[in-house]
Amino acid sequence: AARLHKHVDDEVTVQVPVGWRIATGLAPAGSGRFRSADYHDLVDAPFLVGAIAVDSVVVDGKPVRLAIYPDSALTPAVRDTVMDAIRRIAQTQNRIFGGPPYDDYTVLMLAPFIDLRWAGGLEHHNSQLDVMGAGEFAPGRRTGVLGDFTRPLLSHEFFHLWNVKRIRPAELWPYDYAREQFTPLLWWSEGVTDYYGDVTLARAGLWSVDRFVASVNRNVREVEGAGEIVAAEDASIDTWTEPTFVQESQYYYPKGSLLGLMLDIRIREATLNQHSLDDVMRALYQNHWLRGRGFTTQELLGYIRPWFPGVDDFYARYINGREPLPYEVILPRGGIAATRHGQQLTRRGVVRMRVTRSYVIGRDPNASPQARAILEGILGAR
C-alpha cells in the first residue's frame, strides 16, 4: 500500500496491430510507450485502442484531443459540432480558474452504433472517458446537431478537471486504494459540478437561458420525485451503503446542483453581483489544490461566509438538514420563478420524512432588475 503514494516513474508499452491507433492522457515516451509521473496517474489514465478517429484543437495555448471509436462515428458534421463544443467548454471553464491545469487534454469517446442500456462518463487527471451510443450525438438527434445528453456530459466531466481531480474533500486526500473513502461532500464534488456543467453551456453560447432554466426544472422534478427529503450530506454518505436514486442518477447530483445555484444566487445578491460561487471555486483551487491538501465542510463554509453571512443557517437547514429546499424564496431572487402546486409531508422515523410537492420552474417575466442582473451574471460571467 505504501507504493500507492510514492512518486515513481512508471511506463506502459502498448502493442497494437497495424492500422490501429492509441489514445490516452499519458505522456508519450516513444513508439507505443507512455510514461506517468507517479502510480496514481498511471492507474488513472484509460487507453482507447483500435480503429479510432482523432482530431484536436488548441485552446488557450494547450491542445485538446478528441479520440472516438469507431472511427466511422465521427462524420465531418459531427466532427465540427463536437470539436466546437469542446473548444467552447474548455475556453469557458479555463476562464473561471485563470487557465488550463494541464499540458494537454484528451476526450476518449466510445460510441458504438448500437442502443446502449447505459451511457455516461468518468473524469481523469487530464482526460475523460465517455460511453454512449453513436446516435446520442449524431446530427438530427433531438437538438438537431448534438444530443441533449452529450454536451452536458462533456461539460460535466471537463469541470471535474478542477472539482474532484484537483479540488478534493479532505476524506479523499490522498487517494487510498486499500479502503473505501467516505465523504459527506459528494453533493459539492458531483452536484455542484453538475451545476457548473450547465452554467458552462450557457456561458459558452451552447445553451439559451430557457434551456438552462429547463435543466433547473428537471433537477427540481427529480429531487421532489424522490418522495422523501434526504439531507445532501446523508445522500453523499449513503452512496456507499444504500444510495437514494432519482430516475437513473443518485440524489446528490440534482440536489447538489440546486444547492449550488441557490448559493450562487445568495452570494451575488448579498454582494450586488460583485462576488459569486466562482470566487469560492477559485479559493478552493488556490488554497487547497495548489497547496497540496483537501478541504473540509467547515473550510468550504468559511470561503462562502464573507459573501453570504447566512450560509451557516442555510447549511444547517438544507445541506446537513432535512427541510424542503426553498425554491420559492431563493430562485426568484435570481430571475427564476417557482410556482408550487401542493405539498404534503409525512414523517418517517427520526431522520427522514416523505414529501409530495410539485413545482413549475421558469424564467420570471416579472423579475426585478437586480434579479435579472443576477441571472445574467450567472449565465454570462466573464
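Scroll up to find the structure this text is about.
Keep in mind that this is a model prediction, so the values were computed, not measured. Starting afresh in each chain, residues are numbered from 1 along the sequence in its written order. Reporting in this predicted model follows two pLDDT cut-offs: at least 70 for local features of residues, and 80 or more for side-chain atom pairs to be given and counted; totals over whole chains, interfaces and linings ignore these cut-offs and use all residues. Only hydrogens and water are set aside when side-chain values are computed; all heavy atoms of the structure are taken into account.

### Quick notes on the pattern of salt bridges
Where charged atoms from two side chains of opposite charge come close, those side chains can pair. Selection rule: Any carboxyl oxygen of Asp or Glu that lies within 4 Å of a side-chain nitrogen of Lys or Arg is treated as forming a salt bridge with it. Counting from the N terminus, the helices are the DSSP runs of H or I reaching at least four residues and the strands are the DSSP runs of E reaching at least two. Per-residue accessibility, obtained with a 1.4 Å probe over protein chains only, is compared with the maximum for each type, and a residue is labelled buried under 20%, exposed over 50%, and partly exposed between these values.
If you walk through the whole model with that rule in mind, you get 21 salt bridges. The partner of R340 in a salt bridge is E328, with the nearest N and O atoms 3.5 Å apart. Taken together, the positions of R340 in strand 14 (residues 336–348) and E328 in helix 11 (residues 327–330) put the pair twelve residues apart, joining distant regions of the chain. For E328, a relative accessible area of 36% gives the class partly exposed. It is possible to trace a salt-bridge network through shared partners that takes in E11, R33 and R35.

### Let's talk about the environment of F149
Within the secondary structure, F149 sits in the loop between strand 10 (127–131) and helix 3 (150–159). In this structure F149 comes out as partly exposed when scored by relative accessible area, which is 29%.

### Side note on the environment of F113
To keep it simple, the criterion reads: By definition in these notes, contact holds between two residues if any of their heavy atoms fall within 4.5 Å.
Relative to the assigned elements, F113 resides in the loop between strand 8 (105–110) and strand 9 (120–123). Once the C-alpha coordinates of F113 and G135 are considered, the two residues, 22 residues apart in sequence, prove to be 7.1 Å apart. Here F113 is in contact with P70, S72, A73 and A134, once residues within four sequence places are set aside.

Function-wise, these values are silent; they only describe arrangement.
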